[in-house]
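Per-entry structural report
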Amino acid sequence: MAERDQELRQAAAAEIDKYKEEVESDPYRLLFHHMPPVGLLNDPNGFVQWKGTYHLFYQWMPFDTGHGAKFWGHYTSKDFVNWVHEDIALTPSDWYDKNGVYSGSAVSHNDRLYLFYTGNVKDEEGNREAYQCLAVSDDGVNFEKQGVIAELPEGYTAHFRDPKVWKNGEHWYMVIGAQSKDLQGKAVLFQSENLYDWKHLGPVTGSLENNLDEFGFMWECPDIFELGDQDILMVSPQGLEEEGMNYANTYQSGYFAGKLNYEKPKLEHGSFHELDRGFEFYAPQTTLDEQGRRILIGWMGVPDQYEQAHPTVEKQWVHCLTLPRELTWNGEQIIQKPVNELKEMRGPALIHASITIENDQKAVRGIGGRATELNLEFEQIEDQFAVELFQYAAISYKDGILTLSRPHLENREKTEFRRVELPQGLRNLHLFIDQSALEIFVNNGEEVFTSRIFPQPEEEDILFTSLGESSFSIEQWKLSGFT
Ligand code: FRU
């Protein structure tokens, strides 16, 4: 519906205009993380490199800081540092996507860019329908909707969404996040020869022990890809109970690694491994770029987890995406590292020093700031070591456990914690701080903590505390941000 599409585009543009000054005046706005121009941003979508350019779309609700009938916003970049905010890619303008152009993916084929997404439809009583849809582009900025390409198979509720498409051998495959009629989370596979006609292959089943059955009531945003000698099934399950240090957020994101038999379809796999240990991380998506790198971007938010308590809501926007991370397989697990290109954002090194602290808290001259990259390499931690960020959050290590703490977003009197065990100890902390976004890469990417932080805007001090003796080297760069 071209007319409805135009109306929605104009309404979204008016909304951006209306709140532009307010959003821009927010001290928590970000310099090198993708945030919405106004309203709510959630999942990264359609992440792909096409004809040399990276395309990164995002779930966008322009009219509210809550969820609703989503659009696809669109960024492009050739180098992950210089970004262009393109025109809106897709609006919820048609009968099959009128309540949201939901999450999906992109592939390049015969010079054209293909976007797959879920059309979310609700009737007057709130009953849901889900359609898998396609839109195609010749120029990478104008997308022509092709309508519905796959309907709901038997055995599932209408929670059936987030198509991720890729090619394996001769065939195209699509994996969809689903809920079975008996309320179990599933990843459902389809196969195609031409990207338009899709054959339902069935749910990916698991190995006998460690079964993929009974692992949450819904799986969102699945992704299947090869990494090293492994097939990875990445998924965002909903409904896992907190278990020790695991599954501490409202919903999780992680992966099973193993071997996928596409015919059955069946995955021989190990146990579920959480991708991130921070407060805000969900719905990641990967792409294989033209250099053969597997790159992941996630949403720095969690559905239903105090989203309206983020202080940016007052300024008419909420949430952002993570930095792009290169994934590798180290023989046992996925390793995540910020892509190399991000070094282009660095100013000259502000400091490079070796430091020893014994039973003391110290500021290090020159260390601080709110748009900065910090790398710490540890030689020794005798007892306990902590980095305190802006009198707000703290990263502390003791007895093989790394903890990130911050005030509870709904009740600042309370402190919340997220933790992970580091069986080999703490060797390295690599931090990216961007006003109100924090990404902590631990032990060269073995673990990551992704979180929003909301210290007082003028607060710039980073302090180091040690019980017993700690020695480490520290390097810091001021970051210029995306251009
Ligand atoms: C995940 C998700 C997806 C859905 C989209 C809607 O955060 O719920 O399953 O497609 O967000 O915005």
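Bear in mind the structure is a predicted one, so any value in this text is a computation, not a measurement.

Another aspect to go through is the environment of arginine 406. Relative to the helices and strands, arginine 406 resides in strand S27 (residues 401-407). When the C-alpha positions of arginine 406 and glutamate 125 are compared, they lie 40 Å apart, and in sequence the two are 281 residues distant. Non-local contacts of arginine 406, meaning those with residues more than four positions away in its chain, are made with Phe279, Tyr392, Ala393, Glu416, Ser451 and Ile453.

Our next topic: the pairing of strand S19 (residues 294-299). Along S19, 5 of the 6 residues are buried, which leaves the element largely enclosed by surrounding structure. The turn joining strand S18 (residues 282-288) and S19, which pair antiparallel and follow one another in sequence, is formed by 5 residues; a positive phi near 85 degrees is taken by glycine 292. Taken together, the 3 bridges between S19 and strand S21 (residues 325-329) define a ladder with antiparallel strand orientation. In the sheet register, arginine 294 faces S21, and the bridge partner there is leucine 327.

Moving on, we come to unusual backbone geometry. Trans is the prevailing form of peptide bonds, just as negative phi is the prevailing case for residues other than glycine. Between lysine 264 and proline 265 the backbone carries a cis peptide bond, its omega angle lying at -25 degrees. By the element assignment, proline 265 lies in the loop between strand S15 (254-261) and strand S16 (266-269). A positive phi is found at aspartate 162, a non-glycine position, where the angle reads about 70 degrees. Along the polypeptide, aspartate 162 turns up in strand S9 (residues 156-168). Of note, the phi angle at aspartate 304 is positive, near 65 degrees, even though the residue is not glycine. With respect to the element layout, aspartate 304 can be found in the loop between S19 and strand S20 (317-318).

Taking the UniProt record as the reference, the feature "domain: Glycosyl hydrolase family 32 C-terminal" (unreviewed entry) is found at residues 344-476. Within the segment residues 344-476, helix and strand shares are 0% and 71% respectively, and the terminal C-alpha atoms sit 14 Å apart.

One frequently used descriptor of interface size is the decrease in accessible area upon assembly of the parts. Segmenting the protein into domains produces domain 1 (2-338) and domain 2 (341-479). Distance between the C-alpha centres of domain 1 and domain 2: 30 Å. If you look at the interface, domain 1 gives 32 residues, while domain 2 gives 32 residues. Looking at the side of domain 1 that touches domain 2 residue by residue, the class counts come to 19 nonpolar, 7 polar and 6 charged.

Every one of the 14 residues lining the ligand counts as a neighbour, but Gln59, Tyr102, Ser103, Glu220 and Ala283 are closest to it. Looking at the shell around the ligand, the elements with two or more residues in it are strand S1 (39-50), strand S5 (101-109), S9, strand S13 (218-227) and S18. Looking at the shell around the ligand residue by residue, the class counts come to 5 nonpolar, 4 polar and 5 charged.

A few words on the confidence of the model for the protein. Caution applies to low-pLDDT parts of the model: their predicted coordinates are not meant to be read in detail. Looking at the protein, the pLDDT average stands at 95 and 99% of residues meet or exceed 70. What the predictor reports for the complex is a pTM of 0.96 with an ipTM of 0.99.

The subject of this paragraph is the nonpolar core. Counting residues in each nonpolar core, the largest one holds 123 residues, and the members touching the most others are Leu115, Leu233 and Ile440. Structurally, this core is a two-domain feature, drawing no fewer than three residues from each of domain 1 (2-338) and domain 2 (341-479). Excluding residues within four positions of it along the chain, isoleucine 440 makes contact with Ile395, Leu429, Leu431, Val448 and Phe449.

About the cut-offs
- Residues numbered from 1 in each chain as written.
- Predicted model: local features only at pLDDT ≥ 70, side-chain atom pairs only at ≥ 80, totals over all residues.
- Helix = DSSP H or I, 4+ residues; strand = E, 2+ residues; numbered from the N terminus.
- Contact = placed C-beta atoms within 7 Å.
- Buried ≥ 20, exposed ≤ 12 C-beta atoms within 10 Å, placed from the backbone.
- Pairing = 2+ DSSP bridges.
- UniProt positions renumbered as here; feature names shortened; annotations may be inferred.
- Domains from an automatic or database assignment.
- Nonpolar A, V, L, I, M, F, W, Y, C, P; charged D, E, K, R; others polar.
- Near = placed C-beta within 6 Å.
- pLDDT = per-residue confidence, 0-100.
- Core = buried A, V, L, I, M, F, W, Y, C linked by C-beta atoms within 7 Å.

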